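# Close look at the chain arrangement
Letter by letter, the chains look like this.
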Amino acid sequence: MEAIDITKVSIIGKESIHCGFHLVPYILKCVLDTLPSSTYVLFTDTNIAELYLKEFETEFQEACSQYTGGKKPRFISYAIAPGETSKSREGKAQLEDFLLTHACTRDTVILALGGGVIGDLVGFVAATFMRGVRFCQIPTTLLAMVDSSVGGKTAIDTPHGKNLIGAFWQPEYIFIDASFLETLPSREFSNGMAEVVKTAAIWNETEFASLESGHAEIFAAIQTPSVGHAGRSASTRSKYQQLLLSVIVGSISVKAHIVTIDERETGLRNLVNFGHTIGHAIEAVLTPTILHGECVSVGMILEAEVARQLGVLSQVAVGRLTRCLKAYNLPVSLSDPRIANLPASRLLTVQRLLDIMKIDKKNSGPKKKVVLLSRIGSTFEQKATEVQDSVIAKTLSEAAKIVSGTPSRHPVTMSTPGSKSISNRAMVLAALGKGTCRLKNLLHSDDTQVMMSALIELKGARFSWEDGGDTLVVEGGGGDLSLPPKGKEIYLGNAGTAARFLTTVCTLVQPGEHASETIITGNARMKQRPVGPLVDALRSNGSEIKFRETEGCLPLSIAPGGLKGGRIQLAASVSSQYVSSILLCAPYAAQPVVLELTGGQVISQPYIDMTIAMMRTFGVAVERDTDPETGALLDVYRIPRTAYVNPSEYSIESDASSATYPLAIAAITGTTCTITNIGSASLQGDARFAKDVLEPMGCNVVQTETETTVTGPPVGHLRALGYVDMEPMTDAFLTASVLAAVATKEPLSDRVLRDGSVKTTTRIGGIANQRVKECNRIRAMIDQLAKFGVETKELDDGLEIYGKPVEELRQGCSIHCYDDHRVAMAFSVLGCVVKDTVLEEKRCVEKTWPDWWDDLENKIGLKVEGVELASRAESSSSPASQDNTGSVVIIGMRGSGKSFIGQMAARSLGREFVDADVVFEERKKTGVRAFVQEHGWQAFRDAEAEILKDLLGSCSTKHVISLGGGVVESPASRELLKKYGQTHGPVVHIVREIDEIVKYLGEETARPAYGEPVEDVFRRREPWFMECSTHGFVNYTGVLQQLSSNDTAKLRGGSAHDTRREIARFFGHITAQKPNLAPNLGSDVPSYFLSLTYPDITPALGHFSELTAGVDALELRVDLLRAPNAAGLTGPYIPPTSYVMEQLAAIRRSTTLPIVFTVRSATQGGSHPDNAEMEAFALFELALRTGCEYVDVEISWSEKRLRDLVGRKGSTQIIASWHDWSGNMKWDGAEVKEKYRLAALLGDVVKIVGEATSFNDNFTLRTFVDSVSRSPQAKPLIAINMGYEGQISRVLNTTFSPVTHPLLNAKAAPGQLSFKQIQITRHLLGQLPAKRFFLLGTPISSSPSPTLHNTGFEVLGLPHKYGLFETKEVDDSIKNLLGSPDFGGASVTIPHKLAIIPLLDDLTPHAKIIGAVNTVIPLHQENGEHSLFGDNTDWVGIRNTILAGLPIEAGSPTAGLIIGAGGTARAAIYALHSLGLQHIYLYNRTKTSGQGVIDAFPTSYNITLADSLYVFNGPSPSIIVSTVPGSATTLAEGTADGICIPHEIFSASQGVALDMAYRPLETPLLSLASSQPGWNIIRGVDVLLEQGYEQFRLWTGHHCPRSVVADRVWEMYHSIS
Ligand SMILES: NC(=O)c1ccc[n+]([C@@H]2O[C@H](COP(=O)([O-])OP(=O)(O)OC[C@H]3O[C@@H](n4cnc5c(N)ncnc54)[C@H](O)[C@@H]3O)[C@@H](O)[C@H]2O)c1
């Protein structure tokens, strides 16, 4: 064997870790020599087997050929599926079965070849197989090499969590063969680097420094193939390999050392958990999409920030750690696009993360523990430190809030971080210079990091750190720059300075062999910021630069070859950075440069002066021309051709723009602040802020050359500034603006504006360039100040701000910071005096002052709290992004029914209704029409917009507001509505056909005529209504109106009922006040939906009652719909929106069952075109707009679109589904787990559909369902197999099983069964035992109840029986019956409704109030017995029939009358009260018993005893319920035979009369009511049916098949009479 060089590391007293390259022969020899056995088993995963198994087999044979012992040992191997899902009980069983089948015994030696998954799983198998066998770790991922293989921790996952079951079991050897890393995917490599960086960060600064500087080499080591076993011996090792190995060995050594001291993780070993407290919590949410190391990387930064917040760690260290992790392509914050773009990232709420952290092994009791770094290379304690939740929460929160008040550290003395401008210039100068320069006080921020990384990428200099990172040592490259590798882009984020400076720097790059251009790019905002004038200047000087995307912006492709030099002309009115960029590079041009600035006013001269001053320090003197005649300075600069000579040390001045914030805080809070390192001698223009802005505002300013002290006037005494030119200090204008917002004192006399402006005006000019900074800052200030109620005006080169007293500023504002550090810090200043100001994106300060929030608290003395923005918290906890008390706004054409629908909606939601037209008339003291005639349309629109604004403010919650039809004509109103809809509450567009509107308007005169054809108005406004609304409601009242007066009362009543019911459903659902979801979903009762596969639903509506029998929802297969013009079309097709809306509305008229809105593409088994994803999502949008209860989306659609949809779903639930049409998915495989995981992240319900090829596939399906359902967070799961073989899975599935019906034209999927078929099969399979039901009472022989219930059972295929049990007494026979195991339920009638109560365990609240029971329900207990519940469904029967029978014109009745005072009267009282009636009259012949009933109810029911039926002491009743026998009433006056029903009882103009008596069919009350116009009637049998349906539902959990049951009952009724 050729020489193999091994580095050994000792662990727990044994040198068992052997490291090197290409070790396979060595490993096998070592194992055979030192671990003798009859059997060697290699376990690996299939990915690795493919790459390396052969080599192991061959080398084993080779090693055995020299074997001299007895019988040759055998070598067997087994590869399992790769991925975390294999690390499970099932995975362990697979391996154990393999060992047992191959007759392995205790002497077996197991080799675990693979990543951490294999190491953990195989280690655990080894730990328990035959009570433990010997094993070796042969890690193949970096993570496994440096972490999981070292330490002896082995484990498997369960659905309850990761690594919950395992053992400590030390391997005999750990063989680290770094050559395996050459095939490892680079993301997996980075994943391991997170652990390497972590170990160095807690333990060894030298190691950390080599990681910081060596990333390019380390990547090179794994990216360059080591041919011919290069690296096996030390002599063949490349320097990259050496570095890689030393990094790995270094990391392992630390871990081995810690493990040796503390094997069982009691103290020291906790240190390796740095980054893991928070990292694990993140991982729990994002696994497995985001890898362990990636989560730990973010965790490390967050935990380092916790340490910084506690004052334990410096920002320098946080900056280094951040930079280092980024260098290995690891994410460092939760806003990293790799994380933020995931749907699951919405679940990363502060509370959720804290909750997960609660169950961390390190915690002591409820206190959380975090490993705190004190500097790079060491920790605060030798263990994890207890940290308060509030500190962690603050770090995790995306937003910050300052607790307003006086700074407790007053007088404040502080310095500010190094200047960003000077830091960037110094880095470029030192990199281009010759010699070594030590940069001190460098700003450690995003921007400077970007600059440094770019210079490293260009190999322009070498960077290292000294003094724990306080000093950056730059070894200048003297202007030698190299091309980055081909395809590598230099990413600059949103760093404007770096982008501008590097544009010229990149022209200096030397040509190379491997690439031909340098590409610089940035984030989306950077790609909008200008760089055009600079590129133009360089191009005309001969450089080759191309815009790769947008003209004038990044990304750029820059050809190498040097800068020509000579005369360069540059337009410098937009950014001084262009000028500095050329100045900095000019000494390296081929010819001396003469830079001439053109284009008028040069912007920000101080920055140009700064660059020139710094160039001088680095040895290059720039000369500026002067006008020979006047001596005035010209915009022409001469730069000699030379090279920079680096000073040995350069101290970076603190940032003057940053200094403006603490100084402004002193100004606004009336306190004192000294900035110790900014004075009048500063290079930076912003140093003038104190003198030029704060002093004239009334502050006392003392400035020396190096120090500035500001003392503010008492709070509220700042002066406005009049005009101020901020051109020399443009970045400070934001700070000035927030002060101006509260500057209410007059300006100094010499600054007063003499142009009639109000006294409190501050006019800031000279800052036009601020429109193209990180954001349009002028606009940003105007918009955000408006939130406080501060008025402003935009000017061409600035803005005006009108100061307002602090007390009048709106509190609790949430400030959007546009990812702009200066916006965030400026508004922090205002937050010091305005209560509860929230800064939304706290992290944006990282650009220039990463520890701003910590300094605010620790150095200035203002407490800062973390705030979780509602958007994130809400979207994860409740789907509704809108607060469900937010008022509903109704818009639509005049005459579309807004007021009518609005009123009904308000009633059903229990809210107040406001009609904007009425408000208008009240306010203007005139009608709309008259107003328009007098003042014209414009004045009307203005007034209308004004009222809209007021209403949305004053009635913003718990109202329903109906607006005038023309409100959308005004752009201002449209904006208001859109904003309202996005942030506050639903805006509902009432959709009504134009023909109906025209018909309706023909009769209308109250409001102004259009003056143009209604159709034109309709066409113009419809798009606006759409644009401004969040929902659409189709109004069907038109259909009602069309019905002639001759229509039967029943039909009129029926339609009114549909409308009322649909309004209640729609508004209840979209406001989330009463989402119309299927109650059985997620309960013990199985739930079903019927798949509607019609091209047009309307012909089926007549059979709906039959079709929907038993089901909980309807699935509308939208992809199968065909509009009339496409009837018969079979290929791919997209139905028009209007058609889908009509279909939905038609279904809604017939049923309130929830709708499952499904669109399947061709490959998903449907007929929506595969390439029309956008159109599919437009349809899903429609589903949300129309308040569909469920939307079924395939998870194969694009994740981004799915996420967007989920974000806006409101109370609609998402069914995330996966259909495997390939037939390849195995229910016990890894794929289905992955699909389930993804679907569970997106959906409220998960649907997975596979295909059964054998009966057994149904059992593996059930095992899968059982295993995932055990998790406490499990989502309801629809899991079925398609095909004939899979039918049984549809029977056993309990969540939303899709069913068909014999009447349907086609099955939606192969193997679909009907509801009835499923129930019959469930019974045969022992899933649905037959039950007995009874009617208890006497006399009952002619009761229709048995017909009612038995018909229902039969239609639904339920095996139950309902019979009569006639007894006079409630005795033991009843008791026995109720206790029998097959008792299913009982109806109770006269005379037992009260007597039954003592036999029951409990009553429902309804039954308790009514005081009588008509339904007994057995509730099953865990011990197999049942308890008995008493309910009363009579009141439901009464209420439902009244709702259905009340004429629509009756509006919302206020008074009702009940005749009689028996048990039924009590149910009637309860029903009337539930309908919201304010007056209930009770009439009974015997007054005392009447009063007795009244007294049994709360006084709030407002029941009065009526003396007569002729007059009522209050409003006339529009609901009349008779509860006395038919024979007890009469129409004949003056007889003693019964209660006489007089005409006067119907004095209300509309109403409904109900007689509870079954016989005669037409009682005196009903016959008289029938002859009253405007009155509808309800018969006793109607109520009986209705209460029976409710009983049926309570007993079986399923809706009773109404129409068939009703037909049979009526048939029976008539047959008896
Ligand atoms: N026991 C411990 O102390 C400990 C510590 C940290 C992590 N872990 C565990 O480690 C597991 C993660 O380990 P991992 O990150 O190594 O993942 P892994 O084992 O899943 O491997 C990652 C992927 O890379 C592939 N792969 C592995 N080596 C390869 C190679 N050389 N070439 C090509 N492909 C290769 C694998 O097939 C797999 O698809 C987790 O289960 C975690 O809980 C354990």
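Keep in mind it's a predicted model, so treat the numbers as computed, not measured.

Take the overall build of the chain next. The secondary structure content of the chain amounts to 54 helices and 64 strands. Taken over C-alpha atoms, the radius of gyration comes to 40 Å for the chain, in line with the 36 Å a tight globule of 1617 residues would show. The principal-axis extents of the C-alpha atoms in the chain amount to approximately 125 × 110 × 65 Å. Burial statistics for the chain: of 1617 residues in total, 60% are counted as buried. Sequence separation of at least 24 residues holds for 75% of the intrachain contacts in the chain that already meet a minimum separation of 6. About 61700 Å² of surface is accessible on the chain, with carbon and sulfur atoms providing 52% of the total.

Summarizing the sequence annotation, UniProt attributes the feature "domain: SDH C-terminal" (unreviewed entry) to residues 1580–1608 in the numbering used throughout. Span residues 1580–1608 is 83% helix and 0% strand, its end C-alpha atoms 16 Å apart.

Turning next to the sheet that holds strand β24 (residues 591–598). The 4 strands lie next to each other as β23-β24-β26-β25, forming an open sheet whose pairing is mixed. The open sheet terminates on both sides in strands that have one partner only, identified here as β23 (565–571) and β25 (623–626). The average undirected angle you get between the axes of adjacent strands in this sheet is 25°. Bridge count for β23 against β24 is 7 bridges, and the pairing is parallel. Residue G566 lies in a different strand from β24, and its bridge partner there is V593. On the sheet, helix α21 (residues 605–617) packs against β24, β25 and β26 (633–639) and is oriented at approximately 30° with respect to β26.

Regions of empty space are outlined by a rolling probe, equal in size to a water molecule, passed over the atoms. As enumerated under the stated definition, the model contains 12 cavities of 30 Å³ or more in all. In this structure, the largest cavity encloses a volume near 290 Å³. K420, T497, Q577, D731 and K773 are the residues nearest the centre of the largest cavity, which is lined by 25 residues in total. Looking at the lining of the largest cavity, the elements with two or more residues in it are α16 (420–432), α18 (496–507), α20 (576–585) and α26 (821–831).

On to helix α2 (residues 46–65). End to end, α2 covers 27 Å across 20 residues, agreeing with the expected 28 Å (1.5 Å per residue, within 8%). The largest bend in α2 is about 55°, located at Y52. Buried-residue contacts for α2 involve α1 (24–34), β3 (39–45), β4 (74–80), β5 (109–114) and β6 (134–139).

A surface patch of like charges, here negative, comprises E993, D995, E1015 and E1142. By the element assignment, E1142 lies in helix α39 (residues 1137–1150).

For the rest of this paragraph, the subject is the site of the ligand. Close contacts around the ligand come from 25 residues, with D45, E84, G116, T140 and T141 the closest. A distance of 3.0 Å separates a nitrogen atom of the ligand from a polar backbone atom of F180. Within the side chain of T183, an N or O atom sits 2.8 Å from a nitrogen atom of the ligand. Alone, the ligand offers 860 Å² of accessible surface; in the complex the protein occludes 89% of this.

Examined against the element boundaries, L948 turns out to sit in helix α32 (residues 937–954). Look at L948 and you get buried, because its relative accessible area is 1%. Between the C-alpha atom of L948 and that of P1276, which follows or precedes it by 328 residues, the distance is 43 Å. Filtering out sequence-adjacent residues up to four positions away, L948 remains in contact with L963, V967, S973, L976 and L977.

Our next topic: the pairing of strand β49 (residues 1277–1282). Burial within β49 is extensive, with 6 of its 6 residues counted as buried. Residues L1277, A1279 and N1281 line one face of β49 and the alternating positions I1278, I1280 and M1282 line the opposite face, and both faces are buried. Here 6 bridges tie strand β48 (residues 1245–1251) to β49, and the two strands are oriented parallel to one another. Each residue of the ladder has a partner; that of I1248, found in β49, is A1279.

Their axes nearest at 9 Å, the elements helix α10 (residues 276–286) and helix α14 (residues 350–357) cross at an angle of 110°. With respect to α14, the element α10 is oriented roughly perpendicular. For the pair α10 and α14, the crossing hand works out as right-handed. Contacts between α10 and α14 involve T277, I278, A281, I282, A284 and V285 from the first element and R352, L353, I356 and M357 from the second. Split into classes, the residues belonging to the contact of α10 with α14 amount to 8 nonpolar, 1 polar and 1 charged.

Before going further, it helps to spend a moment on the sheet that holds strand β57 (residues 1455–1459). Judged by pairing direction, the sheet is parallel, and its 6 strands sit side by side in the order β59-β58-β57-β60-β63-β64 without closing on themselves. Whereas interior strands pair on both sides, the edge strands pair on one side only; in this sheet they are β59 (1503–1505) and β64 (1575–1578). When strand polarity is set aside, the average angle formed by the axes of neighbouring strands in this sheet is 20°. The pairing of strand β58 (residues 1479–1483) with β59 spans 3 bridges and is parallel. Bridging from a neighbouring strand, L1482 pairs with L1505 of β59.

Once that is clear, we can look at the UniProt feature "binding site: ATP" (unreviewed entry) in the chain. When the UniProt feature table is mapped onto this chain, "binding site: ATP" (unreviewed entry) is found at G892, M893, R894, G895, S896, G897, K898 and S899. The topology assignment puts S896 in the loop between β38 (888–891) and α29 (898–909). Here S896 is in contact with I990, R992, I997 and N1035, once residues within four sequence places are set aside. At a separation of 2.7 Å, a polar atom in the side chain of S896 contacts the main-chain carbonyl oxygen of M893. The topology assignment puts S899 in helix α29.

Cut-offs used in this document
Residues numbered from 1 in each chain as written. Predicted model: local features only at pLDDT ≥ 70, side-chain atom pairs only at ≥ 80, totals over all residues. Heavy atoms only, no water. Helix = DSSP H or I, 4+ residues; strand = E, 2+ residues; numbered from the N terminus. Rg over C-alpha atoms; globule rule 2.2 N^0.38 Å. Buried < 20%, exposed > 50% of the residue type's maximum accessible area, 1.4 Å probe, protein only. Contact = heavy atoms within 4.5 Å. Areas by Shrake-Rupley, 256 points an atom, 1.4 Å probe, with all protein chains shown as cover. UniProt positions renumbered as here; feature names shortened; annotations may be inferred. Pairing = 2+ DSSP bridges. Axes fitted to C-alpha atoms, helices over the stretch in contact; angles between N-to-C directions. 1 Å grid on protein atoms, 1.4 Å probe; cavity = no way out; pocket = protein on both sides within 12 Å on 5 of 7 lines; lining within 4 Å. Points joined across faces, edges and corners; volume = space filled by probe spheres on them. Expected span 1.5 Å × (residues − 1). Bend = angle between axes of the 7 residues up to and from the residue. Patch = residues over 30% accessible without salt bridge, like charges linked within 9 Å, V, L, I, M, F, W, Y side chains within 5 Å. Salt bridge = Lys/Arg side-chain N within 4 Å of Asp/Glu carboxyl O. Lys, Arg positive; Asp, Glu negative; His and termini not counted. Charge placed at Lys NZ, Arg CZ, Asp CG, Glu CD. Near = heavy atom within 4 Å. Polar contact = N/O pair within 3.5 Å; in protein donor to acceptor, adjacent residues only side chain to side chain. Parallel < 35°, antiparallel > 145°, perpendicular 65-115°, else oblique. Left-handed = near helix turned anticlockwise from the far one by under 90°. Nonpolar A, V, L, I, M, F, W, Y, C, P; charged D, E, K, R; others polar.

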